[in-house]
Amino acid sequence: MEKEAKKARILVVEDDRSLARFLELELGHEGYAVEAVGNGYAAVVRAAEEEWDLIILDVMLPGIDGFTVCRRIREKSTVPVIMLTARDAVADRVQGLDAGADDYLCKPFATEELLARVRARLRRQKDGERENEKVTVGDLVICLKTRTATRGGQQIALTKREFDLLHYLAANAGVVLSRETILNRVWGFDYFGNTNVVDVYIRYLRAKVDDPFPRKLIHTVRGVGYVLREE
């Protein structure tokens, strides 16, 4: 008899009880193991107590707001987070991104779209687990398990988004990547701003990864995008 596949575990953080129950039923019907909590304090506690494959997180919560919850989760975990909110302003989406969210879905939403995003996030997480734990380019070493980066043996302090960007560049070392491609693969959701955010984060990375060292790894290809390679 074949061993039954382990169900992906999803934590739903939603103070609207009817919506939380609806999500429990829909996700359960899809074969996921689901638990729901209704406030920010409970979310922080449950996120730390258990191993989750995905967290669906509302922004407007009693106790602690969703942005703060997400930041606290990110201090200890890289679990994918999809934020659900009625707030659809660009500034709110950017705030969710900076807090460490992987995706952002505005209410009201189509159930099919949420389920598709859940599948995509879980698939990406599974693919990431199959990757090599370390990516090395020259004297730059990126450890996926600990989400750390060193160059020449020196630790480089990176934010979540900076690490994700550096990892994507390093995983595609030698390949010229357009700003649109980087935005789609690293930010991972429908970003309604322009691609200038990529340039901003490239500057952040250069200040940490290249400026302290004589040999530069991050290069601009005019009219195309960026590439990480040894010269």
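These remarks concern the structure in this document. Treat the numbers as computed from the prediction; the structure is a model and nothing was measured.

Across the sheet, four strands lie side by side as 6-7-8-9; this open sheet has antiparallel pairing. Pairing within the sheet leaves two strands with one partner each, and these edge strands are strand 6 (134-137) and strand 9 (154-156). Averaged over neighbouring strand pairs, the angle between their axes works out to 25° when direction is ignored. Bridging between strand 8 (residues 148-151) and strand 9 involves three bridges; their strand directions are antiparallel. Its bridge partner lying in strand 9, Arg151 is registered against Gln154.

A separate point is the sheet that holds strand 10 (residues 177-178). One open sheet accounts for three strands, arranged 10-12-11; its pairing is antiparallel. Lying at the two open borders of the sheet, with one neighbouring strand each, are strand 10 and strand 11 (218-221). Direction of pairing for strand 10 relative to strand 12 (residues 225-228): antiparallel, over a ladder of two bridges. Paired with Leu177 across the strands is Tyr226, a residue of strand 12. The sheet contacts of helix 8 (residues 196-210) involve strand 11 and strand 12, and relative to strand 11 the element is tilted by about 145°.

About the criteria used
- Residues numbered from 1 in each chain as written.
- Predicted model: local features only at pLDDT ≥ 70, side-chain atom pairs only at ≥ 80, totals over all residues.
- Heavy atoms only, no water.
- Pairing = 2+ DSSP bridges.
- Helix = DSSP H or I, 4+ residues; strand = E, 2+ residues; numbered from the N terminus.
- Axes fitted to C-alpha atoms, helices over the stretch in contact; angles between N-to-C directions.
- Contact = heavy atoms within 4.5 Å.

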